[in-house]
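Take a look at the letters that make up each chain.
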Amino acid sequence: MKRFICTVLVFSALLNLFAKSKLTIKNTVGADLDELGDYDLVTHTQTESIDGSTDTDTAFALGDQFQIEWESSQLNARFRLETLYTNADDAEAKLLFVPAGFVHYAPDVLHGLGFAAGNNFFKYFAIPAAYLAADDTTTKYGRLLTDSLGADHYFGSDTLALYSNGFAGGVTGDWQLGSDSLGFLKLAAGATVYPDGSDTEKAVDVGINAGVKNLFDVGFTAHNLTEDDRKFGAFAGYTADPDLVLNLGFYYNFTDSDYLSESRVTRSDDDTGEDIYKYKKQSTKYALGLSGGYHFRRTGWGVYADTITGLTNEYIGEIKYYDSNGNLIKTETTTIVRGGTIVKYKNGKAKRTDEYPHEGIPFYSQLRVTYDFTDSVQAACNVKFRTLLHASDDTWLTFYPRVSFDVPQIAGSIKTGIRLDMNLTRYDGISSFSFPLSYTYKFKRKYK
């Protein structure tokens, strides 16, 4: 009798999980860093070496992204497998595999509580006000439950590798507030564990999102909470008009290289007595962001803009200590004012220093203009600008026109364009150009 009752309960639970659900299968083939990893189909790049000489390189990439997604009132899950072939960055071509996915289970009996696990939650747990309209994405700082910022790991050889960014698990809460359920409150807390060589690193993340539907939303996130390089994000957005985007964000320990330029770093070495330089990605201690835009449905036009700027000339640095054999003993995360030096200690003595530009404050701005020719043909153009205010020794300008169109005969869509990068201080003219190309097919089925 007990076995029969358990069977009935399990069967009832399965019926609830599959009731009013939707299955989506999506496959994208090609090479487009907006759709498929970090590479376009063909990329031609100028590269400046540490001695100041310039080399040119042409790279080819081709990938595939297969994704299965299940959505229901209690169970949401997504699995994605990316396969990428590229000869970029290395003389020898390599093949990468990137498995990613998550499962989120929130049974009705727990009244809004849920459990999540996976190695990538994508934008599933995200604050709406963290959306960057011109970039058309949600910043990782706005994710309530994330797989930690910047946790990139490759396993395998130089030519065949498996990518993973750790495994995360957490508890979530999602509640409707008020008699008309106009208000909402979402909470999440979790931890990410991922291997780094022989050691195991951990990151703790928490987040909250609240607001009133069709009026406003606010949110706060804390990533890698227990470490010195913890990162915070606070966001607020106006949601009364579905065609209007108006979001404000504040960042603490902002390190996202998608929005920060490089800068020239002078290096002096006690062993040689020579000064040389290199370029490093920037970070900033405090940053403020504003994103807005409007879709003019009657005319088909859309105009969107983002700005993120540092508020001081402080940034995040690391002081490294080595033994007499050159092995790294420990790393200290610290706040450094630009113009100061990051010191590498060897046996207690300063052996090498890196000096960043004085007074430089990272600044990013992007404009996106879109136009809908028809329901199946859309065009867009992005212009992105990145620099260091008061120390513009490395200023980037990206120009990216593109078009997407549906292909009815094969029930899919094609995206293509040209991406032009211009470094206004390091190179004469275009520093790189690339051609993205991707084809996407979707299959959807609803279950009542």
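Residues numbered from 1 in each chain as written. Predicted model: local features only at pLDDT ≥ 70, side-chain atom pairs only at ≥ 80, totals over all residues. Heavy atoms only, no water.

### Things to note about the overall build of the protein chain
The test is simple: Helix and strand labels come from DSSP, where a helix needs a run of H or I of at least four residues and a strand needs a run of E of at least two; each type is numbered from the N terminus. Throughout this description, buried means an accessible area under 20% of the type-specific maximum (1.4 Å probe, protein chains only), exposed means over 50%, and partly exposed covers the range between. All accessible-area figures derive from a Shrake-Rupley calculation using a 1.4 Å probe, and residue coverage is judged against the displayed protein chains alone.
Regarding its fold elements, the protein chain presents 1 helix and 31 strands. Within the span of the protein chain, comprising 448 residues, buried residues form 41% of the whole. For the protein chain, the exposed surface amounts to about 23,400 Å²; the carbon and sulfur share of it is 58%.

### Quick look at the packing of aromatic side chains
We count it as follows: Here is the rule: rings of Phe, Tyr and Trp (six-membered ring for Trp) pair when centre to centre is within 6.5 Å. Planes less than 30 degrees apart are stacked, more than 60 are edge-to-face, and the remainder are tilted. Sitting over a ring, as applied to charges here, requires NZ of Lys or CZ of Arg to be within 6 Å of the ring centre and within 35 degrees of the ring normal.
Under the defined criterion, the tally for this structure stands at 19 aromatic pairs. Arranged with centres 5.3 Å apart and planes meeting at 40 degrees, the rings of Tyr141 and Phe254 form a pair that is tilted. Taken as a pair, Tyr141 in the loop between strand E8 (137-138) and strand E9 (153-156) and Phe254 in strand E16 (residues 244-254) lie far apart in primary sequence, 113 residues in all. Considered together, Tyr141 and Phe254 belong to a single accessibility category, that of buried residues. Within the aromatic cluster, the residues linked to one another by ring pairs are Phe102, Phe121, Phe122, Tyr124 and Phe125. Here the basic side chain of Arg419 rests over the ring of Tyr400, its NZ or CZ set 4.0 Å away from the ring centre.

### Re the pairing of strand E15 (residues 231-238)
This is how the line gets drawn: Here a strand pair is declared whenever DSSP counts at least two bridges between the two strands.
Every second residue of E15 is oriented toward a common face, the buried set being Lys231, Gly233, Phe235 and Gly237 and the non-buried set Phe232, Ala234, Ala236 and Tyr238. With 8 bridges connecting them, strand E14 (residues 216-223) and E15 associate as antiparallel partners. The partner of Ala222 across the bridge, within E15, is Phe232. Summarising the sheet, E15 and E16 pair through 7 bridges and their orientation is antiparallel.

### Some thoughts on empty space enclosed by the protein
One simple way to see leftover space: roll a probe sized like a water molecule over the atoms. Operational definition: Using a grid of 1 Å spacing that covers the protein atoms alone, one calls a set of points a cavity when a 1.4 Å probe fits there but cannot get out, and a pocket when the set is open and has protein on both sides within 12 Å along at least five of seven lines; lining residues are those with an atom within 4 Å of a point. Grid points are joined across faces, edges and corners, and a volume is the space filled by probe spheres set on the points. When residues are grouped by polarity, Ala, Val, Leu, Ile, Met, Phe, Trp, Tyr, Cys and Pro land in nonpolar, Asp, Glu, Lys and Arg in charged, and all others, Gly among them, in polar.
Applying the stated rule across the entire model yields 1 cavity of 30 Å³ or more. Roughly 50 Å³ of volume is contained in the largest cavity. Contributing to the lining of the largest cavity are 13 residues, with Ala129, Leu132, Leu248, Gly249 and Tyr251 lying nearest its centre. At 4 residues, E16 tops the list of elements feeding residues into the lining of the largest cavity. A breakdown of the residues in the lining of the largest cavity according to their chemical character gives 8 nonpolar, 5 polar and no charged.

### Things to note about the environment of Phe232
We apply this condition: The criterion used for residue contact is that any of the two residues' heavy atoms lie within 4.5 Å.
Residue placement: Phe232 occurs in strand E15. As for Phe232 and Tyr141, which are separated by 91 residues in sequence, their C-alpha atoms are 7.0 Å apart. Aside from chain neighbours lying at most four places away, what touches Phe232 is Tyr141, Phe220, Thr221, Ala222, Leu225, Phe250, Tyr251 and Tyr252.

### Regarding the environment of Gly219
Inspection of the secondary structure puts Gly219 in strand E14. For Gly219, a relative accessible area of 12% translates into the label buried. For the pair Gly219 and Ile127, spaced 92 residues apart in sequence, the C-alpha separation works out to 6.1 Å. Ignoring sequence-local partners within four residues, the contact set of Gly219 consists of Ile127, Ile208, Asn209, Gly233, Ala234 and Phe235.

### Observations concerning a nonpolar patch on the surface
For clarity, the threshold we go by: Nonpolar side chains (Val, Leu, Ile, Met, Phe, Trp, Tyr) within 5 Å and like charges within 9 Å form the patches, drawn only from residues with over 30% relative accessible area and no salt bridge. Put simply, a salt bridge is a Lys or Arg side-chain nitrogen that is within 4 Å of an Asp or Glu carboxyl oxygen.
Among the surface-exposed residues, Leu215, Phe216, Val218, Tyr238, Leu246, Leu248, Phe250, Leu288, Leu290 and Leu311 lie close enough to one another that they form a single nonpolar patch of about 830 Å² accessible area. With 3 residues, the single largest contributor to the nonpolar patch is E16. Here Phe216 is to be found in strand E14. The exposure class assigned to Phe216 is partly exposed, which follows from its relative accessible area of 35%.

Read these as spatial facts, not as claims about activity.
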